[in-house]
Amino acid sequence: MFVTINEDKCIGCNACIRVCPVNDANTAKLAPDGEHSIITIDKEKCISCGACVKGCIHGARSYSDDTEQFFNDIRNGKDITVLVAPAFRLTEPDADAMLAHLREMGVKLIHDVSFGADICTYMHIKAVREKRCGKIISQPCPAFVEYVLKHKQSLIPVLSPVHSPFGCGAVYLRKYEGVSGAIAFLSPCIAKKFELEDTGLAQYNVTFKRFAEYMKKNCNYDRRATFKFDNTRAFCGKIYPRPGGLKDCLQHAVPGLDVRNCEGVGHLYHTLDFYEAASEADRPAVFDVLSCANGCISGPGTNYEESKVFTYMSRASSVGNEAFTQRENQAGRYSLKTDKQFQWFEKHLKFEDFVRTYTPKDSHRLSVTDSEIRDAYGTLMKRTREEQCFDCRACGYDSCREMAIAIARGVNIPENCHQYAVKQSSAAHLNALEAQRSVEDQHKSIVDAVGSILGNIESICANTDTINTQCTENNGEMASVKEMIAQLNEKCAEIDSAVSGIIEVNERYKKMSDSISNITDQTHILSINASVEAARAGEFGKTFSVVAQEIRTLASHTRDTTKIVTENDKFVKTETDRVLTTAKEIEELVKKLEEIMARVNANVVGTSETGEGIKELAESIRGVASVLHG
């Protein structure tokens, strides 16, 4: 497989599948972004016909050949003989100048494949006339041969036993000219590499396009240079590049020979099914086929421009007319018996040297059952006959059945089916409508919830205002309480001061009581002494005795009074101590009350600030909710 793909450029348009003669040579997969498909290539099934390369307008398909290696080996002095397909001179304006420069680069032998085509024509006539084969299909086209070897092996027995024009030219060089070095084929065809590998007749497939690109980019060749091939003169083989070239050559040499031609990927491979089904009697003696609709002139390895097709065909006709005229002049009368070239071929060339054998190739193509196809239809959501025969070809295949087979083989994906995409889109639309209804229901619920939220927010705002009002009032009340506590502290201070004064007076009073008690004791002693002296005085001391008795009575009363004062002093002291203790307890309680009130005040302040924050948040939520609600 020599067709290449740039997946970054592939957009999944299916044009490659549409033009490909092998349904499952292309495999579809989803791109990494999941937005479109990418069509890759199954190298086991691809025949490198190049139809996808020509059909891809996005530049995702290209091909590989041996051009770079060919020029590198020439520059390194390798011995290489070049065979040039006749289409090169028909499609490339600088053909002779480039070939002349190639000789200057060191290529010693450059041969025209037209001579090999003449050999090919002769060997076909020989094979048919001498009945070395039955009715046959020609094989100048390697893409067609690869198709038969991989996908239509039932036709291998009817493939022409004669080598292609290139093969005949290469055999001639090897066996009759003694060329021993490498051989390169300057060809219009990507698939020619298959033939080179299968036969071993050449080592390089150098396409016209890449050859010309290399020459124009890397070589300063003289566009006025002339060129002449090294081979023996060629005649009718020069017309092989045009559609029906082999047919024209055969019928010119053998008038009346039943030769029919068929060209073009879109026509040839479909027609093969009819050929295969036809009876032996209905088949032509030679079926001349080419993959490219306008012959090798329009090969995928050329710089063919469709707008110039009439120019190319005119050149081919001119070359053909000149070749036939030259041949008739050379032969006197163009026939197998009189043609000098054919006479030379008959004398010097062996038919067996130009025979090719074919080996089938395993393309690993999976067969599918009817059950698997039905399952594939189910995957594609095609349940009715009308849906299964929709055949819009948007997938690239000719029918829905081919698409179902591709799905069953695992080489395509449902997303490539137009109907499937439409149904998926419809299902997605229904899902979207359902989702929209769900969204509308949810929106209504949201609106209702938002309305409820708005009501709750209004309540929160009102409650917040109440909290703020209450906090303001509490702040005022707390200030009053604080003022009352201050007054209480002052009263406690006054009590403390008054108690201190009472204690001080009581102390003085106690000192006076102690003095009175001392006087009382002295008076009592004095009265005792007076009584003693009155008793001594007898009659004369009675009056003094009365005085002594009064003093004693006074002392007794004074003692009693002092006792009462002492008791009162104890009572006053006890009660004063109680007042002091109570005052201290009040003071402690006031301190605790101050601490509590400080904390309460802080909480009130915090509550007020929190209330403000709640109010701001509620206002913000109310604004958002209003937008949602509206």
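Scroll up to find the structure this text is about.
Draft legend 1. Seen up close, the overall build of the protein. Across its full length, the protein holds 19 helices and 11 strands. Across the 630 residues in the protein, those meeting the buried criterion constitute 43%. As displayed, the protein has an accessible area near 33,100 Å², and 53% of this comes from carbon and sulfur atoms.

Draft legend 2. Structural view of the sheet that holds strand β8 (residues 182–187). Taken in spatial order, the four strands line up as β6-β5-β8-β9 in an open sheet, and their pairing is parallel. In the strand order of this sheet, the two ends are held by β6 (110–112) and β9 (204–207), each with one partner. Strand-to-strand twist across the sheet, computed as the mean angle between neighbouring axes with direction ignored, equals 25 degrees. Here five bridges tie strand β5 (residues 80–84) to β8, and the two strands are oriented parallel to one another. Counted as the bridge partner of Val-84 is Leu-186 from β8. Sheet strands touched by helix α6 (residues 113–129): β5, β6 and β8. Its angle to β6, the strand with the most contacts, is close to 40 degrees. On the sheet, helix α9 (residues 192–199) packs against β8 and β9 and is oriented at approximately 165 degrees with respect to β9.

Draft legend 3. Representation of the pairing of β9 within the structure. Residues Tyr-204 and Val-206 line one face of β9 and the alternating positions Asn-205 and Thr-207 line the opposite face, and both faces are buried. Bridge count for β8 against β9 is four bridges, and the pairing is parallel. Of the residues in β9, the one forming a bridge with Leu-186 is Val-206. Following the chain from β8 across α9 to the adjacent parallel β9, one finds a crossover that is right-handed.

Draft legend 4. How the structure looks around the pairing of β5. The buried count for β5 comes to five of five residues, which makes it a mostly enclosed element. By the alternation rule, side chains of β5 split into Ile-80, Val-82 and Val-84 and Thr-81 and Leu-83, which are all buried. Looking at chain direction, β5 and β6 are connected through three bridges and run parallel. Looking across to β6, one finds that Val-84 is bridged to Asp-112.

Draft legend 5. Quick look at unusual backbone geometry. The phi dihedral of Ser-48 falls on the positive side, at around 55 degrees, and the residue is not glycine. Examined against the element boundaries, Ser-48 turns out to sit in the loop between β3 (37–41) and α2 (51–55). In this structure, Asp-391 takes a positive phi of about 50 degrees despite not being glycine. Tracing the backbone shows Asp-391 in the loop between α16 (385–388) and α17 (400–409).

Draft legend 6. Inspection of α6 at higher detail. Here α6 contains 17 residues, and its C-alpha end-to-end distance of 24 Å stays within 8% of the 24 Å for a straight helix at 1.5 Å per residue. For α6, the side-chain oxygen to backbone nitrogen distance between the N-cap and Ser-114 is 2.9 Å, and the N-cap itself is Asp-112. Directly after α6, the chain includes Lys-131, whose backbone phi takes a positive value near 55 degrees.

Draft legend 7. Spotlight on the pattern of salt bridges. Taken as a whole and judged by the stated rule, the model has 29 salt bridges. Ionic pairing is found between Lys-193 and Asp-66, a salt bridge with its closest N-O pair at 2.7 Å. Separated by 127 residues along the polypeptide, Lys-193 in helix α9 and Asp-66 in the loop between β4 (61–63) and α3 (67–75) bring together distant segments of the chain. Its relative accessible area of 15% is what places Lys-193 among the buried residues. Note that Lys-152 is salt-bridged to Asp-273, the shortest N-O span being 2.5 Å. Taken together, the residues span a long stretch of sequence, with Lys-152 in the loop between α7 (142–151) and α8 (165–176) and Asp-273 in helix α12 (residues 265–277) at a distance of 121 residues.

Draft legend 8. Seen up close, the nonpolar core. Of all hydrophobic cores here, the largest spans 75 residues; its most connected members are Phe-70, Val-82, Leu-102 and Phe-211. At nine residues, the largest contribution of residues to this core is made by α6. If we ignore the near neighbours within four places in the chain, the residues touching Phe-70 are Ile-80, Val-82, Leu-102, Ala-184, Tyr-204, Val-206 and Phe-211.

Draft legend 9. Summary view of the packing of helix α5 (residues 95–104) against helix α10 (residues 208–218). Direction vectors running N to C along α5 and α10 enclose 70 degrees, while the axes themselves pass 11 Å from each other. Classified by the interaxial angle, the pair formed by α5 and α10 is roughly perpendicular. Packed against α5, whose contacting residues are Met-98, His-101 and Leu-102, the element α10 presents Phe-211, Ala-212, Met-215 and Lys-216 at the interface. Residue composition of the contact of α5 with α10, by class: five nonpolar, one polar and one charged.

Draft legend 10. Expanded view of helix α14 (residues 340–348). Within the span of α14, buried status applies to Gln-341, Phe-342 and Phe-345. Taken end-on, α14 shows its buried residues confined to a sector of 100 degrees, consistent with a single buried face. Exposed residues lying more than 90 degrees from the buried face of α14 are Lys-340 and Lys-347.

Draft legend 11. Fine view of the side chain of Glu-387. Along the chain, Glu-387 turns up in helix α16. Once you skip the residues sitting within four places of it in the chain, Glu-387 turns out to touch Met-381, Lys-382, Cys-400, Gln-419 and Lys-423.

Draft legend 12. Up close: the side chain of Asp-118. You can see Asp-118 is positioned in helix α6. A polar contact of 2.6 Å, which involves the side chain of Asp-118, links it to the backbone nitrogen of Phe-235. A distance of 3.0 Å separates polar atoms of two side chains, one belonging to Asp-118 and the other to Gln-341. In this structure Asp-118 touches Ala-234, Phe-235, Cys-236, Gly-237, Arg-327, Gln-341, Phe-342 and Phe-345, once residues within four positions along its chain are discounted.

Draft legend 13. Highlighting the packing of aromatic side chains. A complete count under the given rule lists 21 aromatic pairs for this structure. Taking the centre distance of 5.3 Å and the plane angle of 40 degrees together, the rings of Tyr-122 and Phe-342 count as tilted. Residue Tyr-122 is found in helix α6, and its partner Phe-342 is found in helix α14; the two are separated by 220 residues along the sequence. Residues Tyr-122 and Phe-342 agree in their burial class; the two are buried. Counting every residue linked through ring pairs, the aromatic cluster contains Phe-115, Tyr-122, Tyr-172, Tyr-176, Phe-342, Trp-344, Phe-345 and Phe-354. Sitting above the plane of the Tyr-63 ring, Arg-210 keeps its charged end 4.0 Å from the centroid.

Draft legend 14. Representation of the sheet that holds strand β7 (residues 136–137) within the structure. The three strands lie next to each other as β7-β11-β10, forming an open sheet whose pairing is parallel. Each having just a single partner strand, β7 and β10 (259–263) make up the two edges of the open sheet. Two strands pair when backbone bridges link them, and β7 and strand β11 (residues 286–290) are joined in this way by two bridges, in the parallel orientation. Bridge assignment links Ile-137 to a residue of β11, and that residue is Phe-287.

The rules we used
- Residues numbered from 1 in each chain as written.
- Predicted model: local features only at pLDDT ≥ 70, side-chain atom pairs only at ≥ 80, totals over all residues.
- Heavy atoms only, no water.
- Helix = DSSP H or I, 4+ residues; strand = E, 2+ residues; numbered from the N terminus.
- Buried < 20%, exposed > 50% of the residue type's maximum accessible area, 1.4 Å probe, protein only.
- Areas by Shrake-Rupley, 256 points an atom, 1.4 Å probe, with all protein chains shown as cover.
- Pairing = 2+ DSSP bridges.
- Axes fitted to C-alpha atoms, helices over the stretch in contact; angles between N-to-C directions.
- Contact = heavy atoms within 4.5 Å.
- Right-handed = clockwise from strand over helix to strand, strands pointing away.
- Expected span 1.5 Å × (residues − 1).
- Polar contact = N/O pair within 3.5 Å; in protein donor to acceptor, adjacent residues only side chain to side chain.
- Salt bridge = Lys/Arg side-chain N within 4 Å of Asp/Glu carboxyl O.
- Core = buried A, V, L, I, M, F, W, Y, C linked by side-chain atoms within 4.5 Å.
- Parallel < 35°, antiparallel > 145°, perpendicular 65-115°, else oblique.
- Nonpolar A, V, L, I, M, F, W, Y, C, P; charged D, E, K, R; others polar.
- Arc of directions from axis to C-beta.
- Phe/Tyr/Trp six-rings, centres within 6.5 Å; stacked < 30°, edge-to-face > 60°.
- Lys NZ or Arg CZ within 6 Å of the ring centre and 35° of its normal.

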